[in-house]
Amino acid sequence: MLLSFAVFLLLLLLGMPVVFAIGIGGLVFFLTQPGLQLTMPVQLALAETQNFSLLAIPTFILASNLMNELGVTRRLLRFAHVATGFMRGGLAQVSVLLGFLMGGVSGSAIADASMQARLLGPEMVRRGYSRGFIAALQGFSGLLAVAIPPSIGLILYGSIGQVSIGQLFAGGIGVGVLLAAVYMLTVALLARSRGYLPEAAPPTAKEVGAALRESFFAVLFPFLLLAALRFGVFVPSEVGAAAVVYALLVGLIYRELSLERVNRALAHSVRDVGMVALLIAMAAVLGYGMKWEMFPQQVSAFLLEAVQNPQVALLLILLALLLILLALLVLGTVLDSTVMIILLTPILVPAAKALGIDLVYFGVLMVMTCAVGLLTPPVGLSMYSVCSVMGCSIGEYVREGWPLLVATLLVLLLVYLFPGVVLFLPRLLFGGGV
């Protein structure tokens, strides 16, 4: 197994696309195990894509692309502008609120960050914001999509780790609200020091009401998801299909439903689903090697032995969780968050269970920590995306974006210290964690 990991890391360093590096690393394991048939990698890759619980991913991706094509984004932008445009640094505040609202539509941090950079970036440049700051702000605002349902990262973790996706969605909302609030505070402080001005006068109640009515069906979407899961109307794999129907109905209500737009949404969805499905398939090959070597059980046994002393058990559990999160932050600088979730969930879920850590709390914290790597050098996919859209260097992005990174790490630390941030809503809606 060590040889497989070594090959995987070497191929990554040589610049091979990560999905092929994973697949080749897994194949090396089978080549070094004479007792295993070489037909197994193909069978494992195919079987993993037939996992019924993962059916939620393509349906949610299709629903999000339909909503983006059918006028939802434009209406959410108008609502965000009315609600926050009067604050100091108005367009920057609009970006944060739009990221929060769009998280309930797309579920993808990279898609949200790129879309917002294209949508708001040119106007922010005209208003005097630096390109590096715009890129960093849109990138970190897109991170809110990882917390707000329907988060693809939470669906992956829940499907692979056999954890309630409904409770994960509920737990993510608390983190998303806290993260958005801290980002808005950070933007307000930066705007005051840099002289960024409001974009509009404070809105009247009538203007807020009109903007909310216009975007009502989009804002309602995450709450309908939670309600459908909480009351057993749909299971996770079904609620994604229901979301597709809902997106089509929203397009019909907004009178923006057309065959051309549906075709574009389908084309984008095929591309997006293909990338995720290929990652899942290749990770199944490498993951089988870890199961064959009983790696998850060895990690769990080691941690259980370490916390046998009841006097130091709690301290060791907290320390073990902190070390896991720090390791994820470091890994996130070189690995894509989706890859990390797919590869590490089978290892870390048994370890967290052995330590007695709530799996909903651990899952939300793990997925959010992995996602930070999307915005950090050298392999941050969201970082490269927003820098490309805004035409700024990575150095400028880092110089302007470090306050937002500090704000993100502060929120993760608060969530680590106060599990109730995650668990309050799952306990209220579902009666407890996993």
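Everything in this summary refers to the structure shown in the same document. (Residues numbered from 1 in each chain as written. Predicted model: local features only at pLDDT ≥ 70, side-chain atom pairs only at ≥ 80, totals over all residues. Heavy atoms only, no water.)

### Description of the pattern of salt bridges
Within this structure, the stated rule accounts for 7 salt bridges. Its salt-bridge partner being Arg264, residue Glu69 comes within 2.9 Å of it at the nearest N-O pair. With a gap of 195 residues between them, Glu69 in helix α4 (residues 56-69) and Arg264 in helix α15 (residues 259-292) connect regions that are remote in the sequence. Since its relative accessible area comes to 16%, Glu69 is described here as buried. (Salt bridge = Lys/Arg side-chain N within 4 Å of Asp/Glu carboxyl O. Helix = DSSP H or I, 4+ residues; strand = E, 2+ residues; numbered from the N terminus. Buried < 20%, exposed > 50% of the residue type's maximum accessible area, 1.4 Å probe, protein only.)

### Brief notes about helix α14 (residues 236-253)
Counted at 1.5 Å a residue, the expected span for α14 with its 18 residues is 26 Å, and the 25 Å between its end C-alpha atoms agrees. Of the residues making up α14, those classed as buried are Ser237, Val239, Gly240, Ala243, Val244, Tyr246, Ala247, Val250 and Gly251. Projection of α14 onto a plane perpendicular to its axis shows the buried side chains occupying an angular sector of 165°, all on one side. On its buried face, α14 is in contact with α4, α5 (72-84) and α13 (216-230). In the segment just after α14, Arg255 is the residue with positive phi, at about 60°. (Expected span 1.5 Å × (residues − 1). Arc of directions from axis to C-beta. Contact = heavy atoms within 4.5 Å.)

### Some remarks on the packing of aromatic side chains
Inspection of every chain in the model, using the stated rule, returns 5 aromatic pairs. Their ring planes at 80° and their centres at 6.3 Å tell us that Phe140 and Tyr183 sit as a pair that is edge-to-face. Within this pair, whereas Phe140 is found in helix α8 (residues 131-142), its partner Tyr183 is found in helix α11 (residues 165-194), the two being separated by 43 residues in sequence. The class of Tyr183 is buried, set by a relative accessible area of 1%. Measuring from ring centre to ring centre gives 5.6 Å for Phe216 and Phe217, while their planes differ by 75°; the resulting arrangement is edge-to-face. Members of the aromatic cluster, connected to one another through ring pairs, are Phe216, Phe217 and Tyr254. Over the ring of Tyr254 we find Arg75, and its NZ or CZ is 3.9 Å from the ring centre. (Phe/Tyr/Trp six-rings, centres within 6.5 Å; stacked < 30°, edge-to-face > 60°. Lys NZ or Arg CZ within 6 Å of the ring centre and 35° of its normal.)

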